[in-house]
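Coordinates in review
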Number of protein chains: 2
Amino acid sequence: MQLDNIDKQAFLESDWQQRPRLIKRGLNNVDLIEPEILAGLAMEEGVDARVIEHRNQRWSVSHGPFEEYESLGEQDWTLLVQAVNEWMPDVHALLEAFRFLPEWRIDDVMVSFSVEGGGVGPHVDEYDVFIVQGAGRRHWRVGERQATTPTYPCEDLKQISDPFNAVIDEVLEPGDILYIPAGCPHDGIALEPCLNYSVGFRAPNQAEWLAQLADMALQTERLKQRYTDPKLSSSTPSHVVTNGQLEQVKQLLKSALDADEFNELILRAQSMSKRPLPEPELPMMAEQIPALLTMNNAMLVRTPGARLLKQADTAHYFANGERFTVTEGAEMLAQKIAELTDEVPMSELAPYCQDMCSQELLAWLVNQGVIELLID
Amino acid sequence: MQLDNIDKQAFLESDWQQRPRLIKRGLNNVDLIEPEILAGLAMEEGVDARVIEHRNQRWSVSHGPFEEYESLGEQDWTLLVQAVNEWMPDVHALLEAFRFLPEWRIDDVMVSFSVEGGGVGPHVDEYDVFIVQGAGRRHWRVGERQATTPTYPCEDLKQISDPFNAVIDEVLEPGDILYIPAGCPHDGIALEPCLNYSVGFRAPNQAEWLAQLADMALQTERLKQRYTDPKLSSSTPSHVVTNGQLEQVKQLLKSALDADEFNELILRAQSMSKRPLPEPELPMMAEQIPALLTMNNAMLVRTPGARLLKQADTAHYFANGERFTVTEGAEMLAQKIAELTDEVPMSELAPYCQDMCSQELLAWLVNQGVIELLID
Ligand SMILES: O=C(O)CCC(=O)C(=O)O
Ligand SMILES: O=C(O)CCC(=O)C(=O)O
Ligand SMILES: [Co+2]
Ligand SMILES: [Co+2]
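Residues numbered from 1 in each chain as written. Chains lettered and ligands numbered in written order. Predicted model: local features only at pLDDT ≥ 70, side-chain atom pairs only at ≥ 80, totals over all residues. Heavy atoms only, no water.

Some remarks on the environment of Ser347(A)
Residue and element names in this part refer to chain A.
- By secondary structure assignment, the location of Ser347 is in the loop between strand S19 (343-345) and helix H9 (356-368).
- On the accessibility criterion, Ser347 (36% relative accessible area) is partly exposed.
- Remark: the alpha-carbon pair of Ser347 and Asp215, spanning 132 residues in sequence, is separated by 39 Å. (Helix = DSSP H or I, 4+ residues; strand = E, 2+ residues; numbered from the N terminus. Buried < 20%, exposed > 50% of the residue type's maximum accessible area, 1.4 Å probe, protein only.)

Considering the relation of the copies chain A and chain B
- Rotating chain A by 180° and translating it 0.0 Å along the rotation axis places it on chain B, where the RMSD comes to 0.0 Å. Both chain copies can therefore be described as sitting about a two-fold axis.
- The share of interface residues of chain A whose copies in chain B are also at the interface is 100%, consistent with both copies meeting through the same surface. (Least-squares fit on C-alpha atoms with pLDDT ≥ 70 in both. Contact = heavy atoms within 4.5 Å.)

Some points on the coordination of the cobalt ion (ligand 3)
Residues and elements named next belong to chain A.
- Of the protein atoms, only His123 (NE2), Asp125 (OD) and His186 (NE2) coordinate the cobalt ion (ligand 3), at distances of 2.0 to 2.1 Å.
- Taken in chain order, the donor set of the cobalt ion (ligand 3) reads H-x1-D-x60-H.
- Judged by relative accessible area, which is 28%, Asp125 ranks as partly exposed. (Donors = N, O, S within 2.8 Å, 3.2 Å for Na, K, Ca; no water.)

A look at the confidence of the model for chain A
- Mean pLDDT over chain A works out to 95, with 100% of the residues at or above the 70 mark.
- As a predicted assembly, this complex carries a pTM of 0.94 together with an ipTM value of 0.95. (pLDDT = per-residue confidence, 0-100.)

Topic: the interface of chain A and chain B
- Counting residues at the interface gives 73 residues for chain A, matched by 73 residues for chain B.
- A combined buried area of about 6,700 Å² lies between chain A and chain B, and 59% of that area is made up of carbon and sulfur atoms.
- It is Gln206(A), Arg226(A) and His239(A) in chain A that bury the most area against chain B; as a group they hold 13% of the surface buried on that side.
- Counting every contact that joins chain A to chain B gives eight salt bridges.
- Here Asp229(B) ties to Arg105(A) by a salt bridge, and the two come within 3.0 Å at their closest N and O atoms.
- Among the secondary structure elements, those contributing two or more residues to the side of chain A that touches chain B are helix H1 (8-14), helix H4 (206-219), strand S14 (240-241), helix H5 (243-258), helix H6 (260-270), strand S16 (309-311) and helix H8 (331-338) of chain A.
- For the side of chain A that touches chain B, the element with the highest residue contribution is H5(A), accounting for twelve residues.
- Of the residues assigned to the side of chain A that touches chain B, the class counts are 37 nonpolar, 18 polar and 18 charged.
- With two bridges connecting them, S16(A) and strand S14 (residues 240-241) of chain B associate as parallel partners. When the sheet's bridge partners are listed, Lys310(A) is paired in S14(B) with Val240(B). (Buried area = accessible area lost by both parts, 1.4 Å probe. Salt bridge = Lys/Arg side-chain N within 4 Å of Asp/Glu carboxyl O. Nonpolar A, V, L, I, M, F, W, Y, C, P; charged D, E, K, R; others polar. Pairing = 2+ DSSP bridges.)

Listed below in structure tokens is the structure:
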């Protein structure tokens, strides 16, 4: 899948995280899921789904799993399902089109099905999003980044209370794409039954970063340098925390940020997937790889939602919170798998998999749940 | 309670966190708890207690609550009970002697009862500690800070494997105090039934600080600035995390460290007690205070383990993770209560409690569980 009608470099320079953009006919084929399949998915336990209704000027939200949709009628509601890419390979494939952006920033694909009049109301998000128009037509309005006042028309629904000036005010048709930076108000009202795919990006805030990195440091037993006092004076009352002590805490944390292992913690944390990855029943051994390479019914599939990241200018790859350091001989294979979006016959990897380190890398990736081995 | 035979300022300058010290006859009265009471406490649910035995060159650890001690015999075991100060006001009073050190650094008082030959073996701790000799005599050896090799003679018991040179090698008698900085090896063997009080200090490591501060930031909705990308290039492979992106994360976190609210988070975090504080059945209202001040059977007691801290050069007090800003009129009362180690008749506070802000402070402290109001 490939984005059309956009100069990616120019987009990165002038639009990304700066201003909303409409990309007309950005995608060619947007038939990625049938509404019935989406509705079925929202009936499953463990799938995060909501229905938002807007009737007689009243908003309401209900949470899945759902049992039926008939009672909703034919107007003024929308069904939203989170992380559909983790369940549906065709929806996951949509992410290929956005691989000009950093993989670790991509969160997931939310899919909505709306009937005429359906929408979630005017709101802002804290995250960047591309909204791809699937089937049907929807009227979208988007404003520049601006101060807004939040309002909660009902529980679990955050909107904005004031009208906003739209810089984009268009009826989207299948294949059109909106780019909406964090903080820009937007509102979409369906003109007919329609599907939207939201490719969401994540951007942790400072507190969330600290929490993730602390978890990772505790798990991996890093950043173990302890606080020590600055020079103390016996005349300071015991209950007073001095500026010198506060400085000392902050110096200790600054030296953590500057430590080499801090980069490693960032990469470990960002290589975590949102949900646990599948573990093979038996761990794969590097020694098993040569035989598998010759089987023509063995396929490798990248697990949707699994991340495989490389730290620039190093030989370190990260997945599932773990690190693997490749030797030169395995670099080609690592890159090939990092760029793998679909499935690939095992035999196709044979040329990259002749040395022991490549075989160990492949076994490691299977054991971490980043790729799955299918034999049919 | 008062430390003797020590020049506190000199100690802070030359010894604290630097080298072990023996303070002969540092305390006058060390009759703080009877062995039978300690043994009884270790029979209670919720009390953290261990028995360590050393018999026929084999070490073993068992965990409380205990049902009996007869089977242990009269030699070669020691009973250790954590945080005894939170249960026993007389033991808590020992902390008064250490108020020339910052209150937020004090962790708790562990008490051990050992019979002849009893001890935990040679080891190092990650924390500074003062070990007060209570009843009985014990042979203590302490070395300078040095590299040591950990060894685990049994589960839950960390010792060091190599012999160490002792710079202190003495038989401690009641009232003698050892100061042992983090990282200094030490070993104490009881010559007869004896009690030891360990005043422990806490010094979180970098990872622990990050975890505590992240928790506090998430709870109080601080540090909400989000990550944004540096200039991106469409030629960077999606799976590569660039140095520019890593720098951006670290800049975001550095700006968190430099934010004013970061000091506040440190104080909030350090003002938390180890266990939940008692909540009054009904919240106290400032309006109730004037009447209470006139009652001569009303007492205020500082809750053992509750912290009340002041940020230097500000009017901010912190307790139980919360902040209270005092006006000038309430500063005297705040200081009085911060320095309160024992109980005080309510009427004694009357002179400091005439204005509304003082009354609000007092009500707040009762509601946070820092002080308890007793009426008999
Ligand atoms: O599809 C929808 O109705 C909501 C889309 C949206 O607002 C978003 O993804 O930010
Ligand atoms: O009292 C004991 O037996 C152990 C004391 C000790 O090693 C300590 O508090 O660090
Ligand atoms: Co939105
Ligand atoms: Co010790």
